[in-house]
Amino acid sequence: MPEGIYCNKRPITTEEELKALLSDTRGTKYYEEMLSLEVDREKLWATIQKTCKSRTKTWLDVCARCGLCADSCFLYLVNDCKPEQVPSYKIQSTLGEIVRRKGDVDNAFMRHAMEVAWSQCTCCNRCAMYCPHGIDMGVMMGYTRGLLYSQGFVPWELKIGAGMHRVYRAQMDVTTEDWVETCEWMAEEQQDDWPGLEIPVDKEDADIMYTCNAREPKHYPEDLAEAAILFHIAGENWTVPSEGWEQTSLSMFAGDWEACKLQVENVYAAIDRLKPKRVIGTECGHAHRATVIEGPFWAGRPDGQPPAPYIHYVQWVAEALREGKLKIDPAKRIKQPVTYQDSCNYIRNWGLAETAREILSYLVEPGYLIEMTPNKEHNYCCGGGGGFNGIGKFRPQRNKALLTKRDQILATGAKLVIAPCHNCWDAIRDLEEEYHIHIDWSFLKPLLLKMVIVPEHLKPKDEEEGDEE
Amino acid sequence: MYAFLTGPMLWLSFAICILGCAWRAYMYVKGLSWQLDRVAYGHNTDLAVKGALKSIFHWLIPFASCSWRAKPVFATAFFLLHIGLVIVPIFLYAHVMIVAERFGVSWPTMPDGLADILTILAILAGLFILLRRFGLSEVRIITTRQDLGIMAISLAPLVTGFVAAHQSGDGNGWLLAHIITGEIWLIAVPFTKLSHAVLFFCSRAQIGIDFGTKRGGQRGSGIVW
Ligand code: SF4
Ligand code: SF4
Ligand code: SF4
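Labelled according to an unreviewed UniProt entry, chain B appears under the name HMC operon ORF 5 protein, originating from Solidesulfovibrio magneticus.

As recorded by an unreviewed UniProt entry, chain A carries the name HMC operon ORF 6 protein and is attributed to Solidesulfovibrio magneticus.

In C-alpha cells form, the structure reads like this:
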C-alpha cells in the first residue's frame, strides 16, 4: 500500500479530513497504516538537494565525533547515558544516513527516524552551546522533522495539529466566532469587579495588539481575562484582532513548513490591518518562537523582523513593573521558597534570562528565590518541549524525560515553580501528577494579579451593594 | 626524488591545500541562505560581527568556553594536538630556514627544545584522543573509520618529523617520510574532515551570527559559549 487513508503524505486541508483523522482514536489505524507507508525516495532526495545546503551539510560533514555534546543533552543524561542518545549519534543515524544514502531508505528506517526525531530531541538547542563547531542539533532535528513530515512519517497528534493550523489557523478548532465570543464573554464576566474593563476587538492604531495561544480561549479563558485586567490596571491602550489572534504553531513541531507560513502570515496580516505600535504575545514559549523568532523567515521577511515590534509577555511585565504601570504590594510578595523555569524558547532563542530575573526581583521577597542548576541560558528543557508533551505514542519516553526537571526542582527545595511558558507549565503539571513531589506551579498573570496594587479609580463603586443577597 | 618532493610536489601540495580551503570557504558562504537557515544575513551587521568574533574567540582560546571548562582533560589534549599541528610547524627553525633560503623572508622561530616538547605532547595528545574514542561509549558510538584515518594522517608528519630531526647520520629515510606524510596531510585538508581548518571558522561565525542577531543578541545577551 503506497498511502493509507489516515496515514499518507498529504497534508490535512479540510475540516472533514481533520475530523476523520481525529475519529481514529489514539491514531490506532494511523500507525497501523504507517507500517506499510511507502517512501518516495526520489522526492526525498530531490528535497534534500534543494534544502540541505551549506549550514546543514557542513554540520553533518565536519562533526568531529568528539562527543562533547553528549553531556549537554538532558535526554542523554536522564536516559542513563545511553550512547544512542548522544546528539551527534541521533542526527548522524537519521538525517546523516538519509543524506549518505541519497534518500534510499525504507519504511522501517523512516519509522525509526520518526521516533528519534520526536522522542529523543525536544529541539531545545542546548547542545549548540557545547559543540566546538557550533552544531545545533535542535535546528537539524527540526529540518529532519520536515523531511519526515513530507513523507507522512509524523506522529498522529502533530499531523492533526498541523492540520488544525491549516484549517482554522489555530492549534485547536477555535473559530473566529468562538474567539470573539470568548472575548466578549470574558469582558462581561469581569464587569462587576472591574467596571469599564474591555477586551477591544479590532481596534486600529492601538498601542498594543495582544495575541495568544488557542488553548487559552479554549481551555482556560481566565488567562485572557487576566491579561485584560492587567492591561486595564496598567492603563494600556490595547486590542486583540478578530483574525490572526493565535500565535502558536504546532506545525513547527510537526515540520510542516507550509502550514507555519500560513499561520504566521495570518498574524502578520492582522498587524498590517490594525497597525498597532507593537504586539505583545502571551506567556507561551513556542508561540513566541514561531511568530516572532522563526516566523519572519517563513513569511519571507529577509530582515528577520515581524511587521511591527513584537515582544514576549515577560518583556511587557518587566517594563510595566519598571515603569510603575504595575505596582506590587510589598506585603504580598512571595515569601516561600520559589524557583523559576527558564523556557528554552525565550532563553536560548530570545535572550530573556535577565528580564525574567528582573520580574522576580519585584515578585519575590529577597532570599526566597532559589535558582535551579543549571539555569538561564544553560537551563535544561522541562522535558516536554518540541511537541513531546502532546504525543501519546511517546508518553513513556516523555515521562522519563520529566525526571530532569523534577530533580532540578527537588534540589531547590522550592514549593512553587513559576513557569510562564505554557509547555513548561504543562510538563511541570504532569510531573507533579506523575511523581507527586508536592509542588505548585504558576503562570505570571495569576501571581501578578494577587500582588498588584489596584488604583482606587479602578475599584468597583459600592453603591449597588445590598441589592444582592 | 628528493628534489621532486621538496620542489614541485611541495608547491603542488601547498597550492591544493590553500586553494582547496579557499574554495571550501567560498562554497560555504555561497551556500548560506537566509531563508533556509532562518538567519538575517546582511542585517544588523555590527551585532553579526560581534557575535561571530565572540563565537570564534571563545573556542579558539583554551578554556574560554563553558564546554572547554567542563572537559578540561579533553580540552588540554585538543589544544596540545592543535598546537603541535599548526603552531609548531610554522615556527620551527628548520622550516623557517628553508623558506628563508628560498625566498629570503623569515620570521621568529621557536627554540628546538620547546618544539621537541610540544611535538611529543601533541603526539601523546593524539594518542590520548584516539584511546578516548574507544574508551568512552559516547564517543565510540559515533566514531567512524574516517576519524581514525584522519588521526593517522595527522600524527604521521609529527612522528616522522620528530625522528628525522633527532637522527644523527643518514636521516634521509625519515626525512623523506616526513616530507611525504606532510604533503599527504596538506592535500587531505580540503578533501576530508580536516577541512575544519577553515570550516571551523565558517561554522562558528555562522552560529555566532545566528545567536548574535536573532537568538538574544538584539537584547544584549547573545549567548554565553
Ligand atoms: S560536540 Fe559537535 S563536533 Fe563533537 S560530536 Fe557533538 S556535534 Fe559532533
Ligand atoms: S536540541 Fe536539546 S534535546 Fe535535542 S539533542 Fe540537543 S540538547 Fe538534546
Ligand atoms: S517546553 Fe519549555 S523547557 Fe521544554 S523545550 Fe519548550 S520552552 Fe524549553
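Asks: Can you break down the site of ligand 3 residue by residue, with the values?
Replies: Residues and elements named next belong to chain A. Within the structure, ligand 3 sits among Gln341, Ser343, Cys344, Asn345, Cys381, Cys382, Gly385, Cys421, Asn423 and Cys424. Here ligand 3 is seated within the largest cavity. At the level of secondary structure, the elements contributing two or more residues to the shell around ligand 3 comprise helix H17 (344-347) and helix H20 (422-435). Across the shell around ligand 3, the residue classes tally to 5 nonpolar, 5 polar and no charged.

Asks: Lay out the site of ligand 1 with the relevant residues and their values.
Replies: Taken together, 13 residues lie near ligand 1, and Cys63, Cys66, Gly67, Cys69 and Cys131 of chain A sit nearest. Ligand 1 sits at a junction of chains, with neighbouring residues supplied by chains A and B.

Asks: Can you explain empty space enclosed by the protein? Please cite residues and give values.
Replies: Residues and elements named next belong to chain A. All told, the structure shown has 4 cavities of 30 Å³ or more when counted by the stated rule. Size it by volume and the largest cavity reaches roughly 260 Å³. If you trace the largest cavity, you find 23 residues lining it, with Thr122, Cys123, Phe253, Arg289 and Asn345 closest to the centre. Class assignment of the residues belonging to the lining of the largest cavity gives a composition of 11 nonpolar, 8 polar and 4 charged. Cys73, Lys90, Cys121, Cys127 and Met137 are the residues nearest the centre of the second largest cavity, which is lined by 17 residues in total. Going through the elements one at a time, helix H5 (74-78), helix H6 (87-100) and helix H8 (137-150) are the ones with two or more residues in the lining of the second largest cavity. Per-element accounting of the lining of the second largest cavity gives the leading share, 3 residues, to H8. For the lining of the second largest cavity, a count of residues per class yields 10 nonpolar, 5 polar and 2 charged.

Asks: Help me get a handle on the environment of Met172 of chain A, residues and values and all.
Replies: Residues and elements named next belong to chain A. In this fold, Met172 is placed in the loop between helix H9 (156-168) and helix H10 (176-190). As for Met172 and Lys218, which are separated by 46 residues in sequence, their C-alpha atoms are 7.8 Å apart. The residues touching Met172, leaving out its near neighbours within four places in the chain, are Met164, Ala214, Arg215, Lys218 and His219.

Asks: Give me helix H6 (residues 72-91) of chain B: which residues, what numbers.
Replies: Residues and elements named next belong to chain B. With 20 residues, H6 ought to run about 28 Å at 1.5 Å a step, and its terminal C-alpha atoms sit 26 Å apart, in line with that. The largest bend in H6 is about 35 degrees, located at Ile83. Taken together, the buried positions of H6 are Phe74, Ala75, Ala77, Phe79, Leu81, Gly84, Leu85 and Val88. For H6, the secondary structure elements touched by its buried residues are helix H4 (45-60), helix H5 (66-70), helix H8 (112-135), helix H10 (145-166) and helix H11 (172-191).

Asks: Describe the interface of chain A and chain B, and please don't skip the residues or the numbers.
Replies: Opposite the 52 residues of chain A that make contact, chain B presents 51 residues. Carbon and sulfur atoms supply 59% of the area that chain A and chain B bury against each other, a total of about 4300 Å² over both sides. It is Arg55, Arg65 and Phe297 of chain A that lose the most area in chain A upon contact with chain B, and together they represent 17% of the buried surface on that side. Here chain A and chain B share 5 salt bridges between them. Residue Lys214 of chain B pairs with Glu294 of chain A through a salt bridge whose shortest N-O separation is 2.7 Å. Where chain A meets chain B, there are 20 residue pairs in polar contact (both at pLDDT 80 or more). Broken down by element, the residue count for the side of chain A that touches chain B peaks at 6 residues, all from helix H4 (residues 54-62) of chain A.

How each quantity is defined
- Residues numbered from 1 in each chain as written.
- Chains lettered and ligands numbered in written order.
- Predicted model: local features only at pLDDT ≥ 70, side-chain atom pairs only at ≥ 80, totals over all residues.
- Heavy atoms only, no water.
- Near = heavy atom within 4 Å.
- 1 Å grid on protein atoms, 1.4 Å probe; cavity = no way out; pocket = protein on both sides within 12 Å on 5 of 7 lines; lining within 4 Å.
- Sits in = over half its atoms within 2 Å of the grid points.
- Helix = DSSP H or I, 4+ residues; strand = E, 2+ residues; numbered from the N terminus.
- Nonpolar A, V, L, I, M, F, W, Y, C, P; charged D, E, K, R; others polar.
- Points joined across faces, edges and corners; volume = space filled by probe spheres on them.
- Contact = heavy atoms within 4.5 Å.
- Expected span 1.5 Å × (residues − 1).
- Bend = angle between axes of the 7 residues up to and from the residue.
- Buried < 20%, exposed > 50% of the residue type's maximum accessible area, 1.4 Å probe, protein only.
- Buried area = accessible area lost by both parts, 1.4 Å probe.
- Salt bridge = Lys/Arg side-chain N within 4 Å of Asp/Glu carboxyl O.
- Polar contact = N/O pair within 3.5 Å; in protein donor to acceptor, adjacent residues only side chain to side chain.

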